[in-house]
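# Tertiary structure, described
What follows is the residue order along each chain.
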Amino acid sequence: MLRMIAKRMVLIIPNLIGVVIVTFLLTRALPGDPAAYFAGPAADKQAIEQIRVKLGLDKPLIVQFGRYVNDLVHGDLGNSLSTGQPVVTEIKNRLPASAELTLFGLILSMVIAVPLGILAAVKQGSWIDHTCRVVATAGVSLPVFFTGLLLVYVFYFELGWSPAPLGRLDAFATAPAQITGFYLIDSVLTGKLETFRASLSQLLLPGFTLGIFSLAPIARMTRASMLAVLASEFVRTARASGLDNRTVIITYAFRNAMLPVITTLGMVFSFLLGANVLVEKVFAWPGIGSYAVEALITSDFAPVQGFVLTMAVLYVVLNLIIDILYGVIDPRVRLDG
Amino acid sequence: MAKKAQKPSKLDRNRPTSMPLLDVRDLTVEFATRRGTVTAVKNINLTLAKGETLGIVGESGSGKSVTSYAVMRILDRAGSIAEGSVVFSGLDLRTAPESDMRDLRGREMSMIFQSPRLALNPIRKVGHQIEDVLLQHAQVDSDAVSERAIEVLEQVRIARPRERYHAYPFELSGGMCQRVVIALALACRPQLLIADEPTTGLDVTTQKAVMDLVVELTRERGMSTILITHDLGLAAAYCDRVVVMEKGHIVETAQSSAIFKKPEHAYTRKLMRATPRPGVTLRDLLPEGESARPKAVAKTAEAKAPAKKVKGVETPLLVIEKLVKEYPRQGGAASLAKIFAPKPAVQPDMFRAVDGISFTIARGESVGLVGESGCGKSTTSMMVMRLIDKSDGLIMFDGEDIGAIPARSFARLPLRKRIQMVFQDPTDSLNPRFTAARAIADPLLQLGGIPRDEVRGRCEALATQVGLPLNLLDRFPHQMSGGQKARVGIARAIALNPDLIILDEPTAALDVSVQAVVLNLLQDLKDSLGMSYLFVSHDLNVVSMLCDRVIVMQTGKIVEQGPTEQVMVAPQASYTRDLLAAIPHPPL
Amino acid sequence: MNENISTTPVAAAAPKPENNSIFRHARYVVAENPVTGLAFGLFILIALCALIGPYIVPHDPLASDTTATLHAPSLKHWFGTDQLGRDIFSRVVVATRLDFIIAIASVALVFALGGFAGIASGFFGGWTDRIVGRISDTIMAFPLFVLAMGIVAALGNTVTNIVIATAVVNFPLYVRVARAEANIRREAGFVQAARLSGNGDMRILLAHILPNIMPIMMVQISLTMGYAILNAAGLSFIGLGVRPPTPEWGIMVAEGAANIISGEWWIALFPGAALMIAVFCFNLLGDGLRDLVDPQRRT
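Residues numbered from 1 in each chain as written. Chains lettered and ligands numbered in written order. Predicted model: local features only at pLDDT ≥ 70, side-chain atom pairs only at ≥ 80, totals over all residues. Heavy atoms only, no water.

### As for the overall build of chain A
To keep things clear, this is the line we draw: The secondary structure listing takes helices from DSSP runs of H or I that are at least 4 residues long and strands from runs of E that are at least 2 residues long, numbered from the N terminus. Residue burial is assigned from relative accessible area. The probe radius is 1.4 Å, only protein chains are included, and a residue is buried under 20% of its type maximum, exposed over 50%, and partly exposed in between. Contacts between residues were defined by any pair of non-hydrogen atoms, one from each residue, lying within 4.5 Å. Surface accessibility in these figures is a Shrake-Rupley result with a 1.4 Å probe; residues are shielded only by whichever protein chains are displayed. Charge counting treats Lys and Arg as positive and Asp and Glu as negative, with His and both chain ends excluded. Charge placement uses NZ in Lys and CZ in Arg. For Asp and Glu, CG and CD serve respectively.
Across its full length, chain A holds 14 helices and zero strands. For chain A, the N- to C-terminal ordering of α and β elements is α-α-α-α-α-α-α-α-α-α-α-α-α-α. Each principal axis of the C-alpha atoms in chain A carries an extent, and together these give about 80 × 55 × 40 Å. In chain A, buried positions account for 54% of the 337 residues. Within chain A, counting contacts between residues at least 6 apart in sequence, those at least 24 apart form 72% of the total. Only carbon and sulfur atoms are counted for the fraction: they give 68% of the accessible area of chain A, which is about 14500 Å². Where the 25 positive side-chain charges of chain A centre and where its 21 negative ones centre are 9 Å apart.

This is how it looks when you write it as structure tokens:
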């Protein structure tokens, strides 16, 4: 088991290298002058020259790459032009907001999608099966920013059940003391239930927006792989041995059916992290996605680069966790290493 | 989970033995499909006495499996019992509630399936899978259950059962998996065992071991067994009585001692005759009346048989010397894996699939290459075929060292025309998007050098030669039967008048009656065209009928070669003797 | 099926040739699943809007009218007007063409590149496979939308770059499908047989393997069309690619986003709904096509 984890960790190294190279190329292979790009639209010639020397853009590409890697190792992602703050600090401060939102959305969708998919497969052809199919196709077709706006209109403007879609807490509440950075968890840990309620009410709409979005692929995959496994020979053997329905569906079918679902989670995370950016913009969520969007508008490139890099590293790590999870369930992976 | 006492059974195990254990009356099973209701089996009548072994034999689509699923009531969602009754030990299974059925399955009636590896949950330890069944039927306390599971494994002759208890199916061989499946089925000591093609896909020696085990265990316990198989020989060898099914009907029920001696029904006779067995010729396989008839084959083709043999001095057509094929033992991540390997690998990095074999094939000769799966016979044929490159050794074809030509560039050489192949799976070997005519024409167009407007005529001549009705030439593979597809494959192989054809298990995917026809066709073609055959097969019986000489391979090496008669009657190597002994011997 | 026992050629009792079986099957699929028929109808509608939309709309999509800002839907303005008094119906219809072109261009690009790279890597294996695999692994290491953001931000804020970015992020999907399909067939009997018949590698790839993979690639195309539209709209929603005042669904939703809170729902709703319907249509078509191509794999 440990061997498998170690091996997986080695295997992500090429991916990380790829990520670093691509983010480097994104900045240096720009059409036009990268120095002008980093200096921003307002800079004059002299400022651009200064930036060029400061960033080492006058050096050969390989030297620049070395310098880039060196900066990365020292945790330096450059400074934001508009705020003057180091990008790393900003990202560090905003990451928990994004992570809380993404995980909340994922958990919401798993809780709904997995049982839905199983029921749809077990009761194939029933109304729940049809619901699952409709949800699965409709869910992937909904532009996530559009769902978000619809939810805001219905639950904030029309019904008034939800607070204004402006960030993690309304203006009158104070943030809980920072422990994990997740407001839900921190407020519980510090015993501030009022804050918990306030942050939960802010989180519900964006969380559901993401949840609806990621629900579809999970439900679809669960249903499909449950169907495949239920039709498999070992389930037939299990039935022919008189095992009861619960054992057949849970111990035999479900655990096997989870394997493709876990693989799909990688794809779901890819979608979620991307959709996160759009949802943060709709709900003015102070995460790294909205940070990047703001920077994009002002042509402030360092934050965008830092954002892309952070997201990629995050995603690689998530995939690693998924791989390990897979190994925990599947002995073929675990034992073969 | 601890269910202390055995659940009271709804069945009375002490009923008078004169009553049949299983009584199937007028069973009709229907399936709801897109095109309406399809009747899979119609008015089946079966009885099975206590302790009796019954064989149900039929070709694909005969409804033999459906019958057994209906008995167990594990038909697919679409299938249902439309008529009739199934009475097991006095209980009507058709009307029994599902909960009763669940108690019966695994406890009173068990089933083992084809492809043992697929029949086991791939991510659950085999020991736990056996425990699931034991606990379900309250056969044992939960604290004693693992001991009991090990005991059950021991009973099916699994070596080191205590270790194997913790194994996952992927860590066991196919034969071992089938033993686990048998253990699973017999764990609760049921009264009835249904074995659905239990040995299909297993090697013949493994088949014998598995069948012997099943028979021994069921006899010991006085169980009744239903063996479902396509192999009449296997059924007759292991069963008391045999039921022959065709297209959903039972055509004959007979004692197995009688089935080969005096089959009643025409279909049984045909099936019986088509079953390869020692001491018969290819012609004997065909139904009566067919064998005596002169062959209409090949009269149209230019008979070049005599011409070829005379040509020059009698040098062998193909000479194989010390041929070797090595493969790296591990896949792409090997180097990475090594870093984390707890200790350096003991095994060498290279695995020898073919380990220094030598043989020859004379002009017009047919040679059989026999061995069990993994013995290297297919690798050998692929190398001779020049589809893969050898690691070492010589492949001389008609005096030319073709082994030295890389497989990649061999495709477009004129030599390519002279060595062709008939593949194992007729479906897989035809391009789904090509019509039969296009498939046969492909070699003609690529290598034949025939004007385009003559290709069609040539295709039709070839089709006639292999007995393929001309109106089928414009069909796609999915619109043809297995036998028809096999004929297309053969027509394609002979299209360029090759000198050597490699037959790679050409009938393994076909029903026996079709196999009989195809084997005869191959023999006729050889006689009229004077080609040489290298017949690769796992089945000594089949090979012996078509081949002049037989080569037996085991783990990459040749253990014996000689004239067919000699190898079949007086085998030298002990492995050959094992192989011969493992072939089912029906009472003839 | 009944195999004829005789070795003489006889017109055996065999199934009748089904020359029109594809059409019959298509009719069956539509009859079985009327939703596919609906999706096909929607597709025609969308294609029509893209083709002739700009010539039939009642208003100039760019003309602002300060006397008629933020009007709710009415007979004059079916979908209402926006902050500048532009007619939303006309803008939604006219935008179809741009969104459609972006999607088609990017899918065509990725189909050509990814499809070919995938087939080659599945068929040849070895170094080709390793290089193609490395490239798609690297792309897959990024959350796709985030990478698309990065690419457009770096290459410049143009429609062409949106097309490129969308194609790049879809590359691994095409490679995976094409590679897997080519890989299964690499050792298939009919490919071996083609080699024996004297076909070279290239010919086998183009004449034997490619036609067998095309149906599955068509399904992939239909499914990624929807994703391509979503991706492009998402990018313009956050201000990348298409710029105002060009009518485009993503931008229009973004423009209407601020008004949602004050209750002017129609500005964002109609372009958003158009977007949703278009994506929905392609996804349904993809599912329908899959049923057509491979009835066993329907989910």
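### Quick look at the overall build of chain C
Scanning chain C for helices and strands turns up ten helices and zero strands. N-terminal to C-terminal, the α/β element order of chain C is α-α-α-α-α-α-α-α-α-α. Put simply, chain C has 299 residues, and 57% of those count as buried. Summarising the internal contacts of chain C: among those between residues at least 6 apart in sequence, 72% fall at separations of at least 24.

### Notes on the environment of B:Arg277
All names here are of chain B. Mapped onto the secondary structure, Arg277 falls in the loop between helix 10 (266-274) and helix 11 (282-285). Taking relative accessible area as the criterion, Arg277 reaches 12% and is therefore assigned buried. Considering only alpha carbons, one finds Arg277 and Leu317, 40 residues apart in sequence, at a separation of 30 Å.

### Here's the deal with the interface of chain A and chain C
Operational definition: Here the buried area means the combined drop in accessible surface, using a 1.4 Å probe, for two parts upon being joined, counting both sides. Definition of a polar contact: a pair of N or O atoms within 3.5 Å, with one able to donate and the other able to accept a hydrogen when the atoms are protein atoms, and with sequence-neighbouring residues admitted only if both atoms are side-chain atoms.
Counting from both sides, the interface comprises 49 residues of chain A and, opposite them, 47 residues of chain C. For the pairing of chain A and chain C, the buried interface totals around 4100 Å² over both sides, and the portion due to carbon and sulfur atoms is 77%. Considering only the side of chain A, the residues that lose the most area to chain C are A:Phe145, A:Phe146 and A:Leu149, jointly responsible for 14% of the buried surface there. For the pair chain A and chain C, the number of links is three residue pairs in polar contact (both at pLDDT 80 or more). Only helix 1 (2-28), helix 6 (127-141), helix 7 (144-158), helix 9 (193-230), helix 11 (245-282), helix 12 (288-297) and helix 13 (301-329) of chain A provide two or more residues apiece to the side of chain A that touches chain C.

### Thoughts on the pattern of salt bridges
For the record, the criterion: Counted as salt bridges are all cases of a side-chain nitrogen of Lys or Arg within 4 Å of a carboxyl oxygen of Asp or Glu.
Under the counting rule described, the total for this entry stands at 38 salt bridges over all chains. The salt bridge involving B:Arg105 is made with B:Glu98; its shortest N-O contact spans 3.2 Å. When its relative accessible area of 37% is taken as the criterion, B:Glu98 is described as partly exposed. Here C:Arg186 makes a salt bridge to C:Glu187, at a shortest N to O gap of 4.0 Å.

### Here we look at the interface of chain B and chain A
The cut-off we apply is this: The classification used treats Ala, Val, Leu, Ile, Met, Phe, Trp, Tyr, Cys and Pro as nonpolar, Asp, Glu, Lys and Arg as charged, and all other residues, Gly among them, as polar.
At the interface, 32 residues of chain B touch 32 residues of chain A. Roughly 2800 Å² is buried in total at the junction of chain B and chain A, and carbon and sulfur atoms are behind 62% of that figure. If you look at where chain B meets chain A, you find zero salt bridges. Linking chain B with chain A are ten residue pairs in polar contact (both at pLDDT 80 or more). Taken together, the elements giving at least two residues each to the side of chain B that touches chain A come down to helix 1 (64-72), strand 6 (109-112), helix 3 (126-136) and helix 13 (334-340) of chain B. Split by residue class, the side of chain B that touches chain A holds 19 nonpolar, seven polar and six charged.

### What about the packing of aromatic side chains?
All names here are of chain C. Convention followed: Within 6.5 Å between ring centres, the rings of Phe, Tyr and Trp (the latter by its six-membered ring) count as paired, and their orientation is classed by plane angle as stacked under 30 degrees, edge-to-face over 60, tilted in between.
Per the counting criterion, the structure on display carries 13 aromatic pairs over all chains. Measuring from centroid to centroid gives 5.8 Å for Phe43 and Phe282, while their planes differ by 75 degrees, and the two rings are edge-to-face. Placement of Phe43 in helix 2 (residues 34-56) and of Phe282 in helix 10 (residues 266-293) is noted, with a sequence separation of 239 residues between them. Among the aromatic residues, ring-to-ring pairing joins Phe40, Phe43, Phe100 and Phe282 into one connected group.

### Digging into the domain arrangement of chain A
Using the following cut-off: An automatic or database domain assignment is the source of the domain bounds shown.
Domain annotation for chain A reports domain 1 (9-73) and domain 2 (92-288). Averaged C-alpha coordinates put domain 1 of chain A and domain 2 of chain A at centres separated by 37 Å.

### Section: the pairing of strand 19 (residues 549-554) of chain B
Residue and element names in this part refer to chain B. Cut-off, in case you're wondering: For two strands to count as paired, DSSP must find a minimum of two bridges between them.
Burial of strand 19 is extensive: five of the six residues sit out of reach of the surface. Pairing analysis gives four bridges linking strand 13 (residues 366-370) to strand 19, with the strands arranged parallel. Each bridged residue has a counterpart across the sheet, and for Leu369 the counterpart in strand 19 is Ile551. Relative to strand 20 (residues 557-563), strand 19 is paired through six bridges, and the arrangement is antiparallel.

### Some details on the pairing of strand 4 (residues 79-88) of chain B
All names here are of chain B. Bridge analysis of strand 1 (residues 22-33) against strand 4 gives eight bridges, and the strand direction is antiparallel. Across the sheet, the residue bridging to Asp23 is Val87, located in strand 4. Inspection of the sheet shows strand 4 paired to strand 5 (residues 91-92) by two bridges, in the antiparallel sense. Residue pairing in the sheet places Phe88 in a bridge with Leu91 of strand 5. Hairpin geometry of strand 4 and strand 5 is characterised by an intervening segment of two residues between the two adjacent antiparallel strands and by a positive phi of about 55 degrees at Ser89.

### Structural notes on the nonpolar core
So the rule is basically this: Only buried Ala, Val, Leu, Ile, Met, Phe, Trp, Tyr and Cys residues count toward a nonpolar core, and they belong to the same one when joined by side-chain atoms within 4.5 Å.
Of all hydrophobic cores here, the largest spans 219 residues; its most connected members are A:Phe145, A:Phe307, B:Ile130, B:Ile182, C:Met149 and C:Ile238. Among the elements that line this core, the one with the most residues is helix 11 of chain A, at 20 residues. Beyond its immediate sequence surroundings of up to four residues, C:Ile238 is in contact with A:Leu278, A:Lys281, A:Val293, A:Leu296, C:Phe145 and C:Met149.

### Concerning unusual backbone geometry
All names here are of chain B. You will see that Arg160, though not glycine, has its phi angle at about 50 degrees, which is positive. For Asn497, which is not glycine, the phi dihedral falls at a positive 50 degrees. Among the residues examined, Asn497 registers a relative accessible area of 23% and is labelled partly exposed.

### Thoughts on the side chain of B:Thr67
Residue and element names in this part refer to chain B. Inspection of the secondary structure puts Thr67 in helix 1. Judged by its relative accessible area of 1%, Thr67 falls in the buried class. Within polar-contact distance, the side chain of Thr67 engages the backbone oxygen of Gly63 at 2.7 Å. Excluding anything up to four places from it in sequence, Thr67 contacts Leu27, Val41, Ile44, Leu46 and Met245.

### Structural notes on the sheet that holds strand 9 (residues 241-246) of chain B
All names here are of chain B. Applied cut-off: Comment: axis = line fitted to C-alpha atoms, over the contacting stretch for helices; angle = value between 0 and 180 degrees taken between N-to-C directions.
A sheet is described by the order of its strands in space; here six strands give the open sequence 6-7-8-3-9-10, paired in mixed fashion. The sheet terminates laterally at strand 6 and strand 10 (249-255), the two strands that pair on one side only. Ignoring strand direction, the axes of neighbouring strands in this sheet form an average angle of 15 degrees. Bridge analysis of strand 3 (residues 53-57) against strand 9 gives four bridges, and the strand direction is parallel. The partner of Ile56 across the bridge, within strand 9, is Val243. Of the strands in this sheet, strand 3, strand 9 and strand 10 are in contact with helix 10, which crosses strand 9 at around 105 degrees.

### Considering the side chain of B:Glu365
Residues and elements named next belong to chain B. Positionally, Glu365 belongs in the loop between strand 12 (350-361) and strand 13. Relative accessible area serves as the criterion here: at 12%, Glu365 is assigned to the buried category. Looking at Glu365, its side chain comes within polar contact range of the main-chain nitrogen of Ala362, at 2.8 Å. Excluding anything up to four places from it in sequence, Glu365 contacts Thr360, Lys526, Met531, Ser532, Tyr533, Asp548 and Arg549.

### Brief notes about the sheet that holds strand 15 (residues 400-401) of chain B
Residue and element names in this part refer to chain B. Ordered in space as 12-11-14-15, the four strands form an open sheet in which the pairing is antiparallel. Only two strands of the sheet have a single neighbouring strand rather than two, namely strand 12 and strand 15. Direction of pairing for strand 11 (residues 318-328) relative to strand 14 (residues 392-397): antiparallel, over a ladder of five bridges. By the bridge assignment, Leu318 is partnered in strand 14 with Phe397.

### A look at a nonpolar patch on the surface
All names here are of chain C. Put simply, the rule is: Residues qualify for a patch when their relative accessible area is over 30% and they have no salt bridge, like charges being joined within 9 Å and the nonpolar side chains of Val, Leu, Ile, Met, Phe, Trp and Tyr within 5 Å.
Judged by side-chain polarity, Phe40, Ile44, Leu48, Leu51, Ile52, Tyr55 and Ile56 come together as a nonpolar surface patch covering roughly 750 Å² of accessible area. Following the sequence through the fold, Tyr55 ends up in helix 2. For Tyr55, a relative accessible area of 63% puts it in the exposed group.

### Points about the packing of helix 11 of chain A against helix 13 of chain A
Residue and element names in this part refer to chain A. Spelled out, the test is: Under this scheme an angle from 65 to 115 degrees is roughly perpendicular, one under 35 degrees roughly parallel, and one over 145 degrees roughly antiparallel; angles in between are oblique.
Between helix 11 and helix 13, whose axes approach to 10 Å, the crossing angle comes to 170 degrees. Put simply, helix 11 runs roughly antiparallel to helix 13. Listed contacts from helix 13 to Arg255, Leu259, Ile262, Thr263, Leu265, Gly266, Met267, Phe269, Ser270, Leu273, Asn276 and Val277 of helix 11 are Phe307, Met311, Leu314, Tyr315, Leu318, Asn319, Ile322, Leu325, Tyr326 and Ile329. Considering only residue class, the contact of helix 11 with helix 13 consists of 16 nonpolar, five polar and one charged.

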